[in-house]
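# Analysis of the macromolecular model
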Amino acid sequence: MTIQRTLSIIKPDAVSKNIIGKIISRFEEKGLSVVAARLQLLSRSEAESFYSIHKSRPFFNDLVNFMISGPVFIQVLEGENAIQMNRSIMGDTDPKKAQKGTIRADFADNIDANAVHGSDSDENARKEIAFFFSEANIYSCR
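Residues numbered from 1 in each chain as written. Predicted model: local features only at pLDDT ≥ 70, side-chain atom pairs only at ≥ 80, totals over all residues. Heavy atoms only, no water.

Note the following rule: UniProt positions are given in the numbering used here, feature names are shortened, and annotations may be inferred rather than shown by experiment.
With an unreviewed UniProt entry as reference, the protein chain is termed Nucleoside diphosphate kinase, source organism Candidatus Kinetoplastidibacterium desouzai TCC079E. UniProt lists a comment for the protein chain under the heading Cofactor (unreviewed entry), and it reads "Mg(2+)". Looking at the Subcellular location (unreviewed entry) heading of the UniProt record, one finds this comment for the protein chain: "Cytoplasm".

This is the structure we're talking about:
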């Protein structure tokens, strides 16, 4: 059994739809626990820094503008194989390709406003969690 942590962000489109609870319940129903969380309005510099891996991509500015367009709900999820579990629950980045019953298939508007972000690897999960939370603010339920 591999207990992991992963970062999950409920993006501005989903926050504005008032579906934070519906999304969190999807994670909890699959055995993931929320061990840190907060609602936050990202500054431009925070969004640019967080998504700096995409800086050379043509969608970078649109992504940053979207992520600062309203509050986001940032959380750390913990559980068995949390990274892969989270990605499975989220579904494909493009909601048109996402499997029925996933967050993106059920709640996302399009590939840009796709409701959620999740870490894609253990290394990135550690970096992304540290970007938003100190270890002192993460409370394991296990």
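## Comments concerning the environment of Asp 92
Rule in force here: Working definition: helices are DSSP H or I runs of at least four residues, strands are E runs of at least two. Numbering for both runs from the N terminus. Contacts are residue-level and defined by heavy atoms, with any inter-residue pair within 4.5 Å sufficient. Whenever a nitrogen or oxygen atom comes within 3.5 Å of another N or O atom, the pair is scored as a polar contact, on the condition that within protein one atom can donate a hydrogen and the other can accept it, and that pairs from neighbouring residues in sequence are kept only if both atoms are in side chains.
Inspection of the secondary structure assignment puts Asp 92 in the loop between α5 (82-90) and α6 (103-107). Not counting chain neighbours up to four residues away, the residues in contact with Asp 92 comprise Lys 97, Ala 98 and Arg 104. Within the local environment of Asp 92, its side chain forms a polar contact with the backbone nitrogen of Asp 94, the two atoms lying 2.9 Å apart.

## So, the layout of surface pockets
Gaps left between atoms show up when a probe the size of a water molecule is rolled over them. The test is simple: We place a 1 Å grid over just the protein atoms. Points where a 1.4 Å probe fits but has no way out form a cavity, open points with protein on both sides within 12 Å along at least 5 of 7 lines form a pocket, and any residue with an atom within 4 Å of a point lines it. Grid points are joined across faces, edges and corners, and a volume is the space filled by probe spheres set on the points. Basically, the charged four are Asp, Glu, Lys and Arg, the nonpolar ten are Ala, Val, Leu, Ile, Met, Phe, Trp, Tyr, Cys and Pro, and anything else, Gly included, counts as polar.
As a volume, the largest pocket reaches approximately 800 Å³. Taken together, 27 residues form the lining of the largest pocket, with Tyr 51, Ile 53, His 54, Leu 63 and His 117 sitting closest to its centre. At the level of elements, α3 (44-50), α4 (60-67), β4 (116-118) and α7 (122-132) are the ones that each hand at least two residues to the lining of the largest pocket. Residue contributions to the lining of the largest pocket peak at four residues, all from α7. When grouped by side-chain class, the residues that make up the lining of the largest pocket number nine nonpolar, nine polar and nine charged. The calculated volume of the second largest pocket comes to roughly 160 Å³. For the lining of the second largest pocket, the secondary-structure elements that each account for two or more residues are α2 (20-29) and α5. Sort the elements by how many residues they give to the lining of the second largest pocket and α5 lands first, with three residues.

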